[in-house]
Amino acid sequence: MAIRGARIIDGKGGAPIENGVVIVSNGKITAVGTKEQIKIPANASVVDGAGMSLLPGFIDAHFHIDGQDDLPGLFLQHGVTSVRDPGAWMETYNNARKTGKPQPRMFLAGPHIDMFPPAYPSDAYIVRDAAEAVTQVNRAADEGATMIKAYFRLPPSIIKEICIAAHKRGLPVSGHLETTEAMEAIEAGLDGIEHITSFGLTLASKREGEKFRQAVLADNNARKNGRYEVWSKINVNGKMADSLVKFLVKKKTFVDPTLGAFEYQKESGTKTDTVKWNGFNNMKAFAGKLKKGGVKIVLGSHSMIQYAEKGWAYQREMELFSESGLTNAQIIVACTMENAKFFRIADKLGSIEKGKIADLVLVKGNPLSNISDARNVMKVMLNGLWVRE
């Protein structure tokens, strides 16, 4: 199979190949280059990509099925060829698999590890000490987990034991932190951070941070408004923010902001909640600051969010990254190669290179010029086969 005439955006951040050619055979990419460089085999079926851009399949670092069995397949139709659910029982995806419709690659983790009282009991495995946490890590690994997620009630001492056990099994550990300070948790061994709000305790004044922490420890729901109150007062250009950026770069920590999960928009005819407005704008500003400072930013959609129609949360997150100050090229890398590194699959996926698995997305327009062109999905390839055409 040959795709010719498209703008090839390879996922590694370099200049695109205009009027390019990609050859796919037996599920793999076998050649990439300009039309002058690549000879199309005589027996190849040819797709005309003129006026379109060819990208690696989008990778979603933070997907939740949310009881919507059609959701993974819908994301695939919109160009998301790989999804990671960091916290759900693996059986949750059984019905989606049984639909008979094409599904994205599913990188599952089993339930997230938390302590009592859990915020999401149906998605959690509750532990009472480090020994129980380590047992669950090994059980999840035996069942095929691709990562482990530590949830926000876990203290650094238990996170450390989780990381030791997971790393022995070759699994990365990512954390959702709101009552545990991020730098302490990363020192304990975390490879990634889920949600920009996980940095609230680090960036807030100690007094404000402890007020928030105690409120959430007493009531999980306190974080819903409390996180905006904390972030509305954060100085994203202060010394602590600068120090945190340097720390994350040094530790090579992956950060998945999931901005769409916290988005707040002004609406005509309604009074603006200035706390939420200022808090969310600070979240975006800090996400941009992280990337500008050299932090490894990846993209996760959170699947079902307020300001995106069903199935389009991924593209909305791309747009929010743009609003945060990331370049379109940086956003595409976050969606593809950087996420592949986060998943530890960069040798197989994440870029358009000879030898890689042929997960590809063909979109009308040029997302390097307008990131919203990523919504114009024309064709999607998974394992070298068109699953949308």
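Asker: How would you explain the overall build of the protein if you had to name every residue and give the values?
Answerer: Within the protein, the secondary structure is distributed over 13 helices and 18 strands. Here the C-alpha atoms of the protein give a radius of gyration of 21 Å, agreeing with the 21 Å that 2.2 N^0.38 yields for 389 residues. Each principal axis of the C-alpha atoms in the protein carries an extent, and together these give about 70 × 50 × 40 Å. Expressed as a percentage of its 389 residues, the buried residues of the protein come to 57%. Counting only contacts in the protein whose residues sit at least 6 apart along the sequence, the fraction spanning at least 24 positions is 67%.

Asker: Hey, could you go over the side chain of Lys149 for me, with residue numbers and the actual values?
Answerer: Structurally, the position occupied by Lys149 is in strand β11 (residues 148-150). For Lys149, the residues in contact, after removing those within four places along its chain, are His62, His64, Pro86, His112, Ile113, Ser174 and His176.

Asker: Outline the packing of helix α9 (residues 239-251) against helix α10 (residues 274-292), listing residues and values.
Answerer: Where α9 meets α10, the closest approach of the two axes is 10 Å, and the angle between their N-to-C directions is 45°. Judged on the interaxial angle alone, α10 and α9 are oblique. Relative to α10, the crossing made by α9 is right-handed. Contacts between α9 and α10 involve Ala241, Asp242, Leu244, Val245 and Leu248 from the former and Phe286, Lys289 and Leu290 from the latter. The residue makeup of the contact of α9 with α10, split by class, is 6 nonpolar, no polar and 2 charged.

Asker: An account of helix α12 (residues 328-335) is needed here, citing residue identities and associated values.
Answerer: Within α12, 6 of the 8 residues are buried, leaving the element largely enclosed by the surrounding structure. Taken residue by residue, α12 has Asn328, Ile331, Ile332, Val333, Ala334 and Cys335 as its buried positions. Elements that come into contact with the buried residues of α12 comprise β5 (52-56), β6 (58-60), β15 (296-297), α11 (313-323) and α13 (337-343).

Asker: For the sheet that holds strand β7 (residues 80-85), give the residues involved together with the corresponding values.
Answerer: Note on sheets: strands pair through backbone hydrogen bonds, and any given pair is parallel or antiparallel. Across the sheet, 3 strands lie side by side as β6-β7-β8; this open sheet has parallel pairing. The open sheet has two edge strands with one neighbour each: β6 and β8 (105-108). Taking each pair of neighbouring strands and ignoring which way they run, the sheet shows an average axis angle of 15°. The pairing of β6 with β7 spans 3 bridges and is classified as parallel. Within β7, the position partnered with Phe58 by the bridge is Val80. Running at roughly 95° to β6, α11 makes contact with β6 and β7 of the sheet.

Asker: Quick rundown of the nonpolar core? Include the residues and the values.
Answerer: In terms of nonpolar packing, the biggest core is built from 92 residues, with Ile196, Phe199, Phe286 and Leu290 touching the most fellow members. Residue contributions to this core peak at 6 residues, all from helix α4 (residues 156-168). If near-sequence neighbours (up to four positions away) are discounted, Phe199 is found in contact with Ala182, Ile193, Trp231, Leu244, Leu248, Val255, Phe286 and Leu290. Counting 15 residues, the second largest nonpolar core, distinct from the first, contains Ala6, Ile29, Met381 and Trp386.

The rules behind these values
- Residues numbered from 1 in each chain as written.
- Predicted model: local features only at pLDDT ≥ 70, side-chain atom pairs only at ≥ 80, totals over all residues.
- Heavy atoms only, no water.
- Helix = DSSP H or I, 4+ residues; strand = E, 2+ residues; numbered from the N terminus.
- Rg over C-alpha atoms; globule rule 2.2 N^0.38 Å.
- Buried < 20%, exposed > 50% of the residue type's maximum accessible area, 1.4 Å probe, protein only.
- Contact = heavy atoms within 4.5 Å.
- Axes fitted to C-alpha atoms, helices over the stretch in contact; angles between N-to-C directions.
- Parallel < 35°, antiparallel > 145°, perpendicular 65-115°, else oblique.
- Left-handed = near helix turned anticlockwise from the far one by under 90°.
- Nonpolar A, V, L, I, M, F, W, Y, C, P; charged D, E, K, R; others polar.
- Pairing = 2+ DSSP bridges.
- Core = buried A, V, L, I, M, F, W, Y, C linked by side-chain atoms within 4.5 Å.

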